[in-house]
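Chains, contacts and geometry: an overview
Here's the letter readout for the chains.
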Amino acid sequence: MVEKHERAVMRVMAGETLERPPIWMMRQAGRYLPEYKATRKQAGGFLDLCYNPELAIEVTLQPIRRFGFDAAILFSDILVIPDALGMDVRFEEGRGPILKPVDLAHIDRLTPEGTLEHLAPVLETVKGLRSQLPSETTLLGFCGAPWTVATYMIAGHGTPDQGPARQFSLNHPEAFAKMMDVLVEASAAYLVAQLKAGADAVQIFDSWASVLDEAQFQLWCVEPVKAVIAKVRAEVPDAKIIGFPKGVGAFYADYAAQTGIDMLGLDWTIPFSFAKELQKKTPVQGNLDPNRLIAGGSALDEGVDAILENLSDGPLVFNLGHGITPLTEIAHVEQMIARVRG
Ligand code: 1CP
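The sections below set out a description of the structure shown in this document. (Residues numbered from 1 in each chain as written. Predicted model: local features only at pLDDT ≥ 70, side-chain atom pairs only at ≥ 80, totals over all residues. Heavy atoms only, no water.)

1. A look at the overall build of the protein
Which entries qualify depends on this criterion: Numbering of helices and strands starts at the N terminus; helices are DSSP runs of H or I of at least 4 residues and strands are runs of E of at least 2. Both definitions apply: the radius of gyration is a C-alpha atom measure, and the globule rule equals 2.2 Å times residues to the power 0.38. For the exposure calls, accessible area comes from a 1.4 Å probe over protein chains only, and a residue counts as buried if that area is under 20% of its type's maximum, exposed if over 50%, partly exposed in between. The convention is simple: Lys and Arg are positive, Asp and Glu are negative, and His and the chain ends are not counted. Working definition for charges: the position is that of NZ of Lys, CZ of Arg, CG of Asp or CD of Glu.
Along the backbone of the protein there are 17 helices and 9 strands. Over its C-alpha atoms the protein spans a radius of gyration of 19 Å, differing by no more than 12% from the 20 Å that the globule rule assigns to 342 residues. Once the C-alpha set of the protein is aligned to its principal axes, its extents read approximately 55 × 45 × 40 Å. Among the 342 residues that make up the protein, the fraction classed as buried is 58%. Taken as two groups, the 31 positive and 43 negative side-chain charges of the protein have centres that lie 2 Å from each other.

Right, dumping it as structure tokens:
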């Protein structure tokens, strides 16, 4: 029986350098797997799958059974928070998420009350997962960072540059701040509940932090994430937290220094020289370009080798620099894992 602190990903988060880095993949459950597609069909809608503990446990375990990853990530979505806040959230096949955008009157009414009651099935999934996973597998919970979740609440769908949320935050800073406060409260309560239900650690996904200028980055990425982490640690003092502010380049250093995260998720666009500097202070996770995984062959091998050569002398969890896409061949995932494990 492996105890929580002995699990490989947890050891790296505590600062250890392992002989071979542990490995998992962002979005490791999903449409590149035939078994996922079958379960998804059985569930009905995407949110029905997120709120069905039996099926959510099944899709979380699928990539662990198939590939033996060192961590399992709870199957859910960052947009269950707006759903819990009473927004109308739908997922349309081939179009992604669709929400009814918030307006000023709606923001006035927003409250974090009732979030955990709405998300009770997800917490049940976490509980069930810890008892069904191999004892050596780290169980990760997650949430979206307040800024990234807010971008979908304002625009109502994914956009290329989050123009609507950037405009809104500049035109209506007070209303936007109120909305961010609600997201901070709801997200912190949700992460605390996941940790208490059996998650070993949690990851905060800030997929859209890269569109903010320096002042807005501090205000809407660093401060809210720092507030979430402080609230989580007030309830769970030893909480282990991974921060992934995708694509933020030089801002990664400020983010790591200020937020209180235990491990930094890196995307593939930063130079290794900079990644190594960051790794001297904070364990890192990443950062293979998901397109190398699609390409396979030597493009994949070279990408894996570059990460191992540059970052495996320090605390490293091998991962992609963003989620795996549905186009990826399963054989390429196997090739990547074999190369990382040596
Ligand atoms: O039809 C389907 O099956 C929907 C595809 C899908 C899946 C498998 C969506 C819709 N979400 C998910 C699961 C999911 N989402 C997980 C599960 C665990 C795992 O990693 O295996 C996680 C961690 C997320 C997180 C998530 N959702 C993020 C942050 C990470 C990232 O990829 O940037 C974001 C931005 C979302 C929103 C979202 N949900 C789904 C889609 C297609 C999107 C992106 C929409 C867009 O910007 O256009």
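2. Here we look at the side chain of D200
Applied cut-off: Counted as a polar contact is a pair of N or O atoms within 3.5 Å, where, for protein atoms, one must be capable of donating a hydrogen and the other of accepting one, and residues adjacent in sequence contribute only when both atoms are in side chains.
With respect to the secondary-structure elements, D200 resides in the loop between α11 (173-197) and β5 (201-206). Judged by its relative accessible area of 3%, D200 is buried. A polar contact is formed between the side chain of D200 and the side chain of R130, at a distance of 2.9 Å. In this structure the side chain of D200 is engaged in a polar contact, spanning 2.7 Å, whose partner is the backbone nitrogen of L139.

3. Quick look at helix α12 (residues 214-235)
Condition: One less than the residue count of a helix, multiplied by 1.5 Å, gives the span that helix is expected to have. Bend at a residue means the angle formed by two fitted axes: the first through the 7 residues ending at that position, the second through the 7 residues beginning there. Residue contacts are defined here by distance: any two heavy atoms, one from each residue, within 4.5 Å place the two residues in contact.
In a regular helix each residue adds 1.5 Å, so 22 residues correspond to 32 Å; α12 covers 31 Å between its end C-alpha atoms and thus fits that length. Along its length, α12 reaches its greatest deviation from straightness, about 25°, at V222, and the proline P224 lies no more than four positions downstream. Along α12, the positions that sit buried rather than exposed are Q216, F217, W220, C221, V222, P224, V225, V228, I229 and V232. Those residues of α12 that are buried are in contact with α9 (146-155), α10 (163-171), α11, β5, β6 (241-245) and α13 (252-259). Among the residues of α12, the N-terminal cap falls to D213, whose side-chain oxygen and the backbone nitrogen of A215 are separated by 3.2 Å.

4. Some words on the site of the ligand
Note the threshold: Each residue is tested against the molecule or strand, and it is near if at least one of its non-hydrogen atoms lies within 4 Å. Only the protein chains shown count as cover for residues, with accessible areas throughout obtained via the Shrake-Rupley method and a probe of 1.4 Å. We call Asp, Glu, Lys and Arg charged. Ala, Val, Leu, Ile, Met, Phe, Trp, Tyr, Cys and Pro are nonpolar, and the rest, Gly among them, are polar.
Among the 22 residues in the neighbourhood of the ligand, the closest are listed as Y36, R40, Y152, S207 and H322. Contact between the ligand and Q28: an oxygen atom at 3.1 Å from a main-chain N or O atom of the residue. At 2.7 Å from a nitrogen atom of the ligand is found a side-chain nitrogen or oxygen belonging to D77. Protein chains bury 87% of the 890 Å² of accessible surface belonging to the ligand in isolation. Residues that form the shell around the ligand fall into these classes: 13 nonpolar, 5 polar and 4 charged.

5. Details of the pairing of strand β4 (residues 138-144)
Selection rule: Any two strands with at least two DSSP bridges between them are considered paired.
Most of β4 sits out of view: 7 of its 7 residues are buried. Because side chains alternate across β4, one face comprises the buried residues T138, L140, F142 and G144, and the other comprises L139, G141 and C143, equally buried. Two elements, β4 and β5, share 5 bridges in a ladder whose sense is parallel. Along β5, the bridge assignment pairs C143 with I204.

6. Re the environment of M1
With respect to the helices and strands, M1 occurs in the segment before α1 (8-13). Along the primary structure M1 and S131 are separated by 130 residues, whereas in three dimensions their C-alpha atoms are 12 Å apart. For M1, the contacting residues outside a window of four places in its chain are E6 and S135.

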